[in-house]
Amino acid sequence: MASWAGAWTLTFYGALALLVALGTWDVFLGYEENKCSMSYMFEYPEYQKINLPHKLTRQYPSYELYLYGEGSYAQENKNLLLSGIPVLFLPGNAGSYKQVRSLGSIALRKAEDIDFKYHFDFFSINFNEELVALYGGSLKKQTKFVHECIKIILKLYEGQDFAPKSVAIVGHSMGGLVARALLTIKNFKPELVNLLVTQATPHTAPVLSLDSYLNEFYKTVNNYWILNAQDIKLIILSVAGGVRDYQVRSGLTSLSKLSLETNTLSVVTTAIPRTWASTDHLSIVWCKQLQLATIRAFFDLIDDDTKQITVKPKKKMGVLNHHFIKHSSKPFEEAPNIIADLTVTSKWVPVKVTKWTFMAFNESYAMYFTFPLSNHRKSYTHIYCQNTMLDKHSWIYGCINSVSMCTQGVDLSWKSELLPTMRTFMLRLHDYPKLSHIVVYVPSTNGNKFVVDCEFFHLDLRTVHLPVTHLFSFEFYLAGQEFLQFTQGLTSREIKLNSNGLFYTVPLMNYGQIYQAFKIDIKSKCTSTKVERNNVFRLHIPWYHEDFMTVSKAPTSTEISLKLHVAQPENDSHVAVFHMFTSSDCRYEVTIRTSFLQILGQVIRFHGGALPAYIMSSILLTYGGQLQSLISTGHCLDYTTMLDKEAKPYKVDPFVIIMKFMLGYTWFKQIWDNFFLPELDAIFLNTQSMCFPLVSLVLFLFGTSIAYWGGMLSSFSVRLLSSLWLTLNRPSEIPNDPRLITTRLSFLIMLLLIIGWTTCGALAILLIYLYYVFKIINLYSNITTLKNTSDMISNVSERGENNTNSSIEETEKNDGSEQNLPPKPDELPISLAIENAEDNFKMHITIVNLVIWVVLLSMPSLIYWLKNLRYYIRLNPDPCKYLSFFFVPTLGILGNSDIVSVKSSKLLKTAAQFPLIVAIGVVAFGSTHLYRVPYFVVIPLLLHMLSSI
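Just so we're clear, the structure is a prediction, and the values are computed from it rather than from any experiment. (Residues numbered from 1 in each chain as written. Predicted model: local features only at pLDDT ≥ 70, side-chain atom pairs only at ≥ 80, totals over all residues. Heavy atoms only, no water.)

Student: Explain the overall build of the chain to me, using residue names and the numbers behind them.
Tutor: The number of helices and strands found in the chain is 23 helices and 30 strands. Dimensions of the chain along its principal axes, counting C-alpha atoms only, are 145 × 80 × 60 Å. Per-residue burial for the chain yields a buried fraction of 55% across its 949 residues. Put simply, 81% of the contacts in the chain that link residues at least 6 apart link residues at least 24 apart. Surface accessibility of the chain: about 43600 Å² in total, with carbon and sulfur atoms responsible for 58%. Distance between charge centroids for the chain: 7 Å, based on 82 positive and 75 negative side chains. (Helix = DSSP H or I, 4+ residues; strand = E, 2+ residues; numbered from the N terminus. Buried < 20%, exposed > 50% of the residue type's maximum accessible area, 1.4 Å probe, protein only. Contact = heavy atoms within 4.5 Å. Areas by Shrake-Rupley, 256 points an atom, 1.4 Å probe, with all protein chains shown as cover. Lys, Arg positive; Asp, Glu negative; His and termini not counted. Charge placed at Lys NZ, Arg CZ, Asp CG, Glu CD.)

Written as structure tokens, this is what we have:
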């Protein structure tokens, strides 16, 4: 039975670990290939360091300001006689100031194309590649330095014609948050920044909240922006990278809840016209398609009168919407002339059919094709046209009260939309009752080949509602194309588009949760298989600009992944829509089914940062179970056995759910606030639309599986290291020093406390942990030696018994007298020592598994300190200083503790009860705010240490 139970345990935790691995794979590897083109420099890039005031360099010794340049432009600006438009680039977490080169180089080439009528001067700040996403202690310092740099940059232009009074800022990653933090500085003048573009910046919340300084910085910045939303006039564009950016998920970049929608624009790169590609966290700064769109927008923002970026908010938002949301393929115009003169002398061709296709090739003259609307208004609701001529010409017009031709028309090209491989136009006939004709203009092609398609249709007949399942859907393929469907709600959905249309709209009903992830299979069958037609499929999310485009050839089969970056807000009634821009001679079958792999990926993507809290909660339950077993049986069970027995979600989750429910009552919330208790993490997740009833259970199971296999690994590692230690040092017996606190230990604790207080607290925690692990390795080495000694004594004892029995038999034969047997060797003390030592080892292994996560959570501040060691010895502020003050003596004394003294302690009952309470607290208050978890963990360790004294 025991072997079956062990096999079941291994299988269960192995399956859970496999699910974690699959979800992690989907996040880190389950995405499309990088479709971004690399942006190259045409000339050697140069970074000219700008001399800063001595006071500033002394205050910020590790920070620098640079001006980017290439070739002759760099040579001309050696004396810093600048006359362009200043743009300041702020790198992010571990980012380099040299990342400005893509934007700077493309802007320089664009300026050359217009003979430097306008040009931009790109500045960049060297933040010494600080890890500000993991350590928030330097974010305020960076913000103040940026403020000083802005003033220095503007001074460089004093006395110049059209001298700028403000700068535009491009912030990558945490650089965008630092730019937003400028407004929280008391003496900062908001007019110093006229535009802010952020790239993959987590505005809403930190990716991992690993220290209180990072959390406080976010709280200060976001609260200021929310409270002063009406007064803040700064226009911000936030660009997210999509699924390829696994470091900053796109939902964190949204500004919708932090500022007025009239001043902000949040978009994913997959939805940006002419980009249409997901970028990872680094490629977003060099993706050529994205940087081209950004530079085009910058040049369109220039005011002809001031030669600087315009101060008109309406124009800024118009330009950003044009380049980043809906592009008509025409150059931006602030006030476009929608009345256009049409050439009557050109050939005019009336079209009376409802569906029309024209393939232009080597046409020597321009033509106008006219579509009368009066005959179609009663039968159809819309007209749709598309062409593959991706140029900047106006191509579609509307005529008023005309019979066959018109001299002037309304330029409807502004309402067209640029898509990959085509331009599309759709008009609702009811909205334009005065239009008599639609005119499609086909210019002379000069050898170019393109196709123009138009059709009248009734929208209801081209709309197929596709209900999607809430969470799970399974499809089991049998022979041929048949599949077995289970009960309603657990089936795949399939629709057939029987008409030969150019456009279909498929509303995805009930699709709005981040845990819904699907695969869409589109199969096309065409009447003509000789010519491949381009199809464009678009997933449109109306509550967030995260449209996803897919281009495919027809006839073919296409598979598309569907998963959301932002859940549908509660007060939003819009429906996600799948648009299909298709070929007129093809028919389509659409099948949607749930992708279990992508659901796992969504869980890891949105909640993977909470796994350390759930892992430590499981280990704490194991730790408490071992302390309880000391009280009940006097012995300590093995780590993995106790984990399987004690780490149950029903011991933690119900209490968190009850607290969340009770906080809905005002009286309970007042009591909660009176005790100064922090906000429940589950409530914070609610505000992020990330709370789902089963997620906590799933995360607990995932965390337990990681804790299980982590315990197996740590136990194996300790045993391996102890065997290596035995080859170097062979102790004769387990040390029997009755003193818990020796002189050597006291000296070590004092030394580490001084190190932690004067340099870096995380360093002291790491050193005491290494000391503790060494003590455990030494303990297991002694156990191994003692077992070998016990086996030798047992063998000697058996041989001695045999010799004694034979001598007795001989004596009885000789004189027949009975002799007393000699006493057996006393094995009880050594077996009891081994038993106690093994109990000690089992308890210490659990503590090793628990504290390793504390060490890992403190590592970012240690890495930050090591990276900046040449500038200062002491980390200030230090998030682990006070934590080290408790951990160093606690772990040091626990390393010398013995299970016998713990069992006889009056504090053991109290110490055994606290791990359960702490395990609940870790999940309730530390799953999002990870920096709180080590302070929870130190409480039961401290009680355990006191129990051993």
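What follows continues from the structure just given.
Student: How would you sum up the packing of helix α5 (residues 139-155) against helix α6 (residues 174-181)? Please name residues and give values.
Tutor: Between two packed helices, the angle of one axis relative to the other and the distance separating the axes together describe the packing. As a packed pair, α5 and α6 sit with axes 9 Å apart at the nearest point and diverge in direction by 65°. Overall, the two elements α5 and α6 adopt an arrangement that is roughly perpendicular. Judged by the twist between their axes, the crossing of α5 over α6 is right-handed. In this structure, α5 uses Leu139, Gln142, Thr143 and Val146 to contact α6, whose residues at the interface are Met174, Val178 and Ala181. (Axes fitted to C-alpha atoms, helices over the stretch in contact; angles between N-to-C directions. Parallel < 35°, antiparallel > 145°, perpendicular 65-115°, else oblique. Left-handed = near helix turned anticlockwise from the far one by under 90°.)

Student: Go over unusual backbone geometry with me, naming the residues and quoting the values.
Tutor: Here the residue pair Asn876 and Pro877 is connected by a cis peptide bond, since its omega of 0° sits within 30 degrees of zero. Even without being glycine, Ala94 reaches a positive phi, approximately 60°. Positioned with a positive phi, Phe676 is a non-glycine residue whose angle comes to about 55°. For Phe676, the location among the structural elements is in the loop between α14 (666-674) and α15 (681-687). For Phe676, a relative accessible area of 75% translates into the label exposed.

Student: Before we move on, can you summarise the sheet that holds strand β4 (residues 120-126) with the specific residues and values?
Tutor: Pairing is mixed in the open sheet, where eight strands are placed in the order β1-β2-β4-β3-β5-β6-β7-β8. Two strands close off the open sheet at either side, each with one partner strand: β1 (45-49) and β8 (264-268). Looking at each pair of strands side by side, their axes are set apart by 25° on average, direction ignored. Two strands pair when backbone bridges link them, and strand β5 (residues 167-172) and strand β6 (residues 193-199) are joined in this way by six bridges, in the parallel orientation. (Pairing = 2+ DSSP bridges.)

Student: Account for helix α8 (residues 288-300), with residues named and values stated.
Tutor: Between the first and last C-alpha of α8 there are 18 Å, a value that for 13 residues agrees with the 18 Å anticipated at 1.5 Å per step. For α8, the set of buried residues is Gln289, Leu290, Gln291, Ala293, Thr294, Ile295, Ala297, Phe298 and Phe299. (Expected span 1.5 Å × (residues − 1).)

Student: Requested: an account of the sheet that holds strand β11 (residues 355-361), with residues and values cited.
Tutor: An order of β11-β19-β13-β17-β16 is seen for the five strands of this open sheet, with the pairing classed as antiparallel. Strands with a single pairing partner mark the edges of an open sheet, and in this sheet they are β11 and β16 (417-419). Adjacent strand axes in the sheet meet at a mean angle of 15° when their direction is disregarded. Across six bridges, strand β13 (residues 382-387) lies against strand β19 (residues 449-457) in antiparallel orientation. Bridge pairing in β19 places Cys385 opposite Cys454.

Student: An account of the pattern of salt bridges is needed here, citing residue identities and associated values.
Tutor: Under the criterion given, the structure shown has 20 salt bridges. One salt bridge connects Lys151 with Glu148, and the closest N-O pair in it is separated by 3.5 Å. With Lys151 and Glu148 both in helix α5, this residue pair falls three residues apart, about one helical turn. Under the relative-accessibility criterion, Glu148 is labelled partly exposed at 27%. For Asp521, the salt bridge is made with Arg593, and the minimal N-O distance between the two is 2.3 Å. Taken together, the residues Asp521 in strand β25 (residues 517-526) and Arg593 in strand β30 (residues 586-594) connect sequence positions 72 residues apart. Residue classification places Asp521 among the buried positions, given a relative accessible area of 12%. Residue Arg593 is classed as buried on the basis of its relative accessible area, which comes to 19%. (Salt bridge = Lys/Arg side-chain N within 4 Å of Asp/Glu carboxyl O.)

Student: Summarise a nonpolar patch on the surface; cite the residues concerned and give the values.
Tutor: A surface patch of nonpolar side chains, about 650 Å² in accessible area, is lined by Leu18, Leu22, Trp25, Phe28, Leu29, Tyr246 and Leu597. Broken down by element, the residue count for the nonpolar patch peaks at four residues, all from helix α1 (residues 2-28). By the element assignment, Leu22 lies in helix α1. Leu22 gets classed as partly exposed once you look at its relative accessible area, which sits at 34%. (Patch = residues over 30% accessible without salt bridge, like charges linked within 9 Å, V, L, I, M, F, W, Y side chains within 5 Å.)

Student: I'd love a proper account of the pairing of strand β18 (residues 435-442), names of residues and values included.
Tutor: Of all eight residues that make up β18, eight are buried, and the element is covered over most of its length. Sheet analysis places strand β12 (residues 367-372) next to β18, joined by six bridges and oriented antiparallel. Each bridged residue has a counterpart across the sheet, and for Thr370 the counterpart in β18 is Val439. Direction of pairing for strand β14 (residues 396-400) relative to β18: antiparallel, over a ladder of five bridges. If you follow Ile396 over to β18, its bridge partner there is Val440.

Student: Any details on the nonpolar core? Residues and values, ideally.
Tutor: Ranked by internal contacts, the top residues of the largest apolar core, which has 107 residues, are Ile847, Phe887 and Leu941. Among the elements that take part in this core, helix α19 (residues 828-867) stands out by supplying 15 residues, more than any other. Residues contacting Leu941, with those up to four places away along its chain left out, are Tyr623, Ile847, Leu850, Val851, Phe887, Thr890 and Leu894. Residues Leu182, Leu214, Phe217 and Tyr218 belong to the second largest nonpolar core, which totals 50 residues. (Core = buried A, V, L, I, M, F, W, Y, C linked by side-chain atoms within 4.5 Å.)

Student: Go over the environment of Leu941, please, and point to the residues and values.
Tutor: As for its position among the elements, Leu941 is in helix α23 (residues 933-948). Since its relative accessible area comes to 0%, Leu941 is described here as buried. Taking the C-alpha atoms as reference points, Leu941 and Leu597, 344 residues apart in sequence, are found 39 Å from one another.

Student: Would you mind going over the state of the cysteines in detail, with residue names and values included?
Tutor: If you walk through the whole model with that rule in mind, you get four disulfides. A sulfur-sulfur separation of 2.1 Å characterises the disulfide bridge that pairs Cys36 with Cys287. Taking the torsion about the S-S bond as the criterion, the Cys36 to Cys287 disulfide, at about -80°, is left-handed. Taken as a pair, Cys36 in the loop between α1 and β1 and Cys287 in the loop between β8 and α8 lie far apart in primary sequence, 251 residues in all. Exposure class is identical for Cys36 and Cys287. Each is buried. Here Cys399 engages in a disulfide with Cys406; their sulfurs sit 1.8 Å apart. (Disulfide = S-S within 2.5 Å.)

Student: How would you explain the packing of aromatic side chains if you had to name every residue and give the values?
Tutor: A complete count under the given rule lists 40 aromatic pairs for this structure. Ring geometry for Tyr384 and Phe581: centres 6.3 Å apart, planes at 35°, overall tilted. Here Phe581 lies in strand β29 (residues 577-581) and Tyr384 lies in strand β13, a separation of 197 residues in the sequence. According to the relative accessible area criterion, Tyr384 is buried, its value standing at 1%. Consider the rings of Phe503 and Phe581, whose centres lie 5.4 Å apart with planes at 55°: the pair is tilted. (Phe/Tyr/Trp six-rings, centres within 6.5 Å; stacked < 30°, edge-to-face > 60°.)

Student: Go over the environment of His147, please, and point to the residues and values.
Tutor: Take His147: it is sitting in helix α5. Each C-alpha atom, one on His147 and one on Lys787, is 68 Å from the other, the two residues being 640 residues apart in sequence.

Student: Tell me about the pairing of strand β15 (residues 408-411), and name the residues and values.
Tutor: Looking at chain direction, strand β9 (residues 339-341) and β15 are connected through three bridges and run antiparallel. Within β15, the residue paired with Ala340 across the bridge is Gly409. Pairing analysis gives two bridges linking β14 to β15, with the strands arranged antiparallel. Among the inter-strand pairings, Gly398 is bridged to a residue of β15, identified as Val410.

Student: Break down helix α7 (residues 212-227) for me, citing the residues and quoting the values.
Tutor: Turn by turn, an α-helix covers 3.6 residues, leaving residues three or four places apart pointing in a common direction. Compared with the 22 Å implied by 1.5 Å per residue over 16 residues, the 22 Å span of α7 between its first and last C-alpha is a close match. Listed in full, the buried residues belonging to α7 are Leu214, Asn215, Phe217, Tyr218, Val221, Asn222 and Trp225. For α7, the arc enclosing every buried residue in end-on projection is 160°, short of the 170-degree limit, so these residues lie on one face. Here the buried face of α7 lies against α5, α6 and β7 (236-240). Residue Asp211 occupies the N-cap position of α7, its side-chain oxygen lying 3.0 Å from the main-chain nitrogen of Tyr213. (Arc of directions from axis to C-beta. Polar contact = N/O pair within 3.5 Å; in protein donor to acceptor, adjacent residues only side chain to side chain.)

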